[in-house]
Amino acid sequence: MDEVEETETLKHQEETHKRKNPKVVFWNFIWRPVYWFRMLGDELHWSFVLSVVIVYGMNQGLSVGLSRVSTQYYMKDEQKVQPSEAQVFFGMIQLPWVIKPLWGLLTDILPIIGYRRRPYFIFAGFLGVISMLSLALHKKMHLVLALLSLMTGSAGIAIADVTIDACVAQNSISHPSLAGDMQSLCGLSSSIGALVGYSLSGFLVHVVGPKGVFGVLSVPAGLVILVGMFLREPHVHNFSYRRVNQKFLDACKAMWTTLKCREVWRPCLYMYLSLAVSLNVREGMFYWYTDAKGGPSFSKEVVGSIFSVGAVGSLLGVLLYQNVLKNHPFRDILFWTQLLYGLSGMLDLILVLRINLKLGISDYFFAVIDEAVTHMIGRVKWMPLLVLSSKLCPSGIEGTFFALLMSIDNVGMLSSSWAGGLLLHVLEVTRTQFDNLWLSILIRSMFRIIPLGLLFLVPRSDPNSSILPTEMLRTKKGDDIPESDNIEMAPLVNGT
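Keep in mind that what you see is a predicted model, and the values were worked out from it rather than measured.

The rules behind the values
Residues numbered from 1 in each chain as written. Predicted model: local features only at pLDDT ≥ 70, side-chain atom pairs only at ≥ 80, totals over all residues. Heavy atoms only, no water. Helix = DSSP H or I, 4+ residues; strand = E, 2+ residues; numbered from the N terminus. Buried < 20%, exposed > 50% of the residue type's maximum accessible area, 1.4 Å probe, protein only. Contact = heavy atoms within 4.5 Å. Areas by Shrake-Rupley, 256 points an atom, 1.4 Å probe, with all protein chains shown as cover. Core = buried A, V, L, I, M, F, W, Y, C linked by side-chain atoms within 4.5 Å. Expected span 1.5 Å × (residues − 1). Axes fitted to C-alpha atoms, helices over the stretch in contact; angles between N-to-C directions. Parallel < 35°, antiparallel > 145°, perpendicular 65-115°, else oblique. Left-handed = near helix turned anticlockwise from the far one by under 90°. Nonpolar A, V, L, I, M, F, W, Y, C, P; charged D, E, K, R; others polar. Bend = angle between axes of the 7 residues up to and from the residue. Phe/Tyr/Trp six-rings, centres within 6.5 Å; stacked < 30°, edge-to-face > 60°. Salt bridge = Lys/Arg side-chain N within 4 Å of Asp/Glu carboxyl O. Polar contact = N/O pair within 3.5 Å; in protein donor to acceptor, adjacent residues only side chain to side chain. Patch = residues over 30% accessible without salt bridge, like charges linked within 9 Å, V, L, I, M, F, W, Y side chains within 5 Å.

Visitor: Which residues make up the overall build of the chain, and what values do they have?
Guide: Counting its regular elements, the chain contains 21 helices and zero strands. Relative to its 496 residues, the chain shows a buried fraction of 55%. In the chain, the share of contacts with a sequence separation of at least 24, taken over all contacts with a separation of at least 6, comes to 86%. Looking at the chain as shown, the accessible area adds up to about 22200 Å², and 65% of this sits on carbon and sulfur atoms.

Visitor: Outline the side chain of Ser278, supporting the account with residue identities and numerical values.
Guide: With respect to the secondary-structure elements, Ser278 resides in the loop between α12 (262–276) and α13 (282–291). If sequence neighbours within four positions are ignored, Ser278 has contacts with Gln338, Tyr341, Ser416 and Arg448.

Visitor: Lay out unusual backbone geometry with the relevant residues and their values.
Guide: A positive phi angle is found at Lys80, which is not glycine, with a value near 55 degrees. Note that Lys80 resides in the loop between α3 (46–78) and α4 (83–93). The phi torsion at Glu428 lies on the positive side, around 60 degrees, for a residue other than glycine. Tracing the backbone through its elements, the reader meets Glu428 in the loop between α19 (398–426) and α20 (437–447).

Visitor: Break down the nonpolar core for me, with residues and values.
Guide: Counting residues in each nonpolar core, the largest one holds 69 residues, and the members touching the most others are Phe48, Phe121, Tyr270, Phe401 and Leu405. Sort the elements by how many residues they give to this core and helix α8 (residues 143–174) lands first, with nine residues. Those residues in contact with Phe48 that sit more than four places away from it in its chain are Cys167, Val168, Asn171, Met182 and Leu231. Grouped together as the second largest cluster of nonpolar side chains are 50 residues, Ile93, Val281, Phe307 and Val352 included.

Visitor: A description of α8 should follow, citing residues and the corresponding values.
Guide: End to end, α8 covers 46 Å across 32 residues, agreeing with the expected 46 Å (1.5 Å per residue, within 8%). α8 sits mainly inside the fold: 24 of its 32 residues count as buried.

Visitor: Talk me through the environment of Ser308; I want residue IDs and the actual numbers.
Guide: Among the secondary structure elements, Ser308 is positioned in helix α14 (residues 300–325). When its relative accessible area of 8% is taken as the criterion, Ser308 is described as buried. Sequence separation of Ser308 and Leu195 is 113 residues, and the distance between their C-alpha atoms is 4.9 Å.

Visitor: So, the packing of helix α7 (residues 118–137) against helix α10 (residues 218–230): which residues are in play, and what are the values?
Guide: The contact between α7 and α10 brings their axes to 7 Å, and the two run at 165 degrees. Relative to α10, the element α7 lies roughly antiparallel. As for how α7 packs across α10, the hand of that crossing is left-handed. Residue-level inspection shows Arg118, Phe121, Ile122, Gly125, Phe126, Gly128, Val129, Met132 and Leu133 of α7 in contact with α10, the latter providing Ser218, Ala221, Gly222, Val224, Ile225, Val227, Gly228 and Met229. Here the residues of the contact of α7 with α10 are counted per class, giving 11 nonpolar, five polar and one charged.

Visitor: Give me helix α9 (residues 179–216): which residues, what numbers.
Guide: With 38 residues, α9 should cover 56 Å at 1.5 Å per step; its first-to-last C-alpha distance of 33 Å lies more than 12% under that length. Remark: the principal bend of α9, roughly 110 degrees, maps to Val208, with a proline, Pro210, within the next four residues.

Visitor: For the packing of α3 against α8, give the residues involved together with the corresponding values.
Guide: In the contact formed by α3 and α8, the axes pass within 11 Å of each other and the chain directions differ by 155 degrees. As the angle between them shows, α3 and α8 are arranged roughly antiparallel. The interaxial crossing formed by α3 with α8 has left-handed handedness. Residues that form the contact of α3 with α8 fall into these classes: 15 nonpolar, seven polar and two charged.

Visitor: Give me the lowdown on the packing of aromatic side chains, citing residues and values where you can.
Guide: On inspection of all chains with the given rule, the structure shows eight aromatic pairs. A centroid spacing of 5.6 Å and a plane angle of 65 degrees characterise the contact between Tyr198 and Phe307, whose relative ring orientation is edge-to-face. Taken together, the residues span a long stretch of sequence, with Tyr198 in helix α9 and Phe307 in helix α14 at a distance of 109 residues. You'll find Tyr198 and Phe307 in the same group, each marked buried.

Visitor: How would you sum up the pattern of salt bridges? Please name residues and give values.
Guide: This structure, assessed with the given rule, holds four salt bridges. Note that Asp77 and Lys76 form a salt bridge whose closest N and O atoms lie 2.9 Å from each other. Residue classification places Asp77 among the partly exposed residues on the basis of a relative accessible area of 31%. You can call Lys76 buried: its relative accessible area is 5%. When the shortest N-O distance is used, the salt bridge between Arg282 and Glu283 registers 3.6 Å. Residue classification places Arg282 among the partly exposed residues on the basis of a relative accessible area of 32%.

Visitor: Pulling in residues and values, what's your account of the side chain of Thr290?
Guide: Along the polypeptide, Thr290 turns up in helix α13. Within the structure, Thr290 has its side chain in polar contact with the backbone oxygen of Phe286 (distance 3.1 Å).

Visitor: Got a sec to walk through a nonpolar patch on the surface? Specific residues and values, please.
Guide: Side chains of Leu353, Ile355, Leu359 and Trp438 sit close together on the surface and give an oily, nonpolar patch of about 360 Å² of accessible area. Residue position: Ile355 is located in helix α17 (residues 355–358).

Visitor: Summarise the environment of Met271; cite the residues concerned and give the values.
Guide: Inspection of the secondary structure puts Met271 in helix α12. Between the alpha carbons of Met271 and Trp382 there is a distance of 9.7 Å; along the sequence they are 111 residues apart.

The values are spatial; any link to function lies outside them.
Below you can see the structure in the form of structure tokens.
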């Protein structure tokens, strides 16, 4: 016993020495992300981790960073639309995200050449490549055709997103303790990709123009095709395509049964309402940034750099959630983040009313702080909702149901965008008239506080534990090799 105690004492002293040694602490900090990635690769397979990095980091983060600035300048300078119209058009571009359950159903019940995920990655990649090259190579495209091309590109990103989300949701069921880590990986990849995209966006728009940037965007879409080629996925044997209709009906019944569950519909309602009431007036701010005589008149490079700092704020939000907040109850995090989110909206008001200049703070510095703070709070608010969504997915229709939950979120954002466009129109905020922009910002900030009264809809549970009833999480013993019958849906369908 003395030898055992002496050994334990020596180990304890060694660990204490390592913690106190600055060099050891520094190198542990440097290598910690590497160990984390290695752990995820060992537990979930390297092809899954790399697929998340490509889909979230390149095809979403980088593409969003590049496309946001290029599309905004494309609409403003080449299509000559008003801020309220641009706000509505940006909502239309996101319509393919509203029908994400359709893509989810296809990935869950309709394997192609024996695979449930890989062919959809390839299809999504080709959609993105074709649509972006069409925009880049067409000299003067009509507004309707331009919107259709942008929607097609958005559909490509949405299909890839729902397919990787299905993989994440499936792994969240088999590895519930890693659900927060997987969402952190998704968030980190997206934030870093957006940071790179926003950092390059202003420069690229200035050098090659908005349409040139669309050509660059065909590259991330091409990488998604590669994901469909190397992703590790078991082959589905003896699949009967004659039963697809029955599987479709069973999946719909399973979704409806799950939605009727009190633990599911209440947080779904909160997610929609919290997004819908946060009115989006982003295009009004963008036009004011660049065109207002009394405004800052930022250049393309400056606009891109401001958005890149916003991506840094988003990245900091992910790190804050991963290292400090991921084990806190959902409701507690959402209360403080929603409150801070409403207050952060007032920073735009200070900028538009030029109060920052009276305080001796330059427009650029204040805009950078505004963007960083808003995105950091927004990301911290978004992360627990993603983790919560992954835990609401029943076994057998993970991709479909997670897509349904994300579709609810996208309908909320679409409602927010269109309501914001209506608000800009009613207040007569145009390409050159910004007298009432401050009022739209004030109204938006006040509306952001409303979700605080809806937090009772969110469960106050441990984010590391399961939320759904046990029968909805029931899986087959050989779940690593999915069968065509999808027996997992039986408990849900039979419960109707």
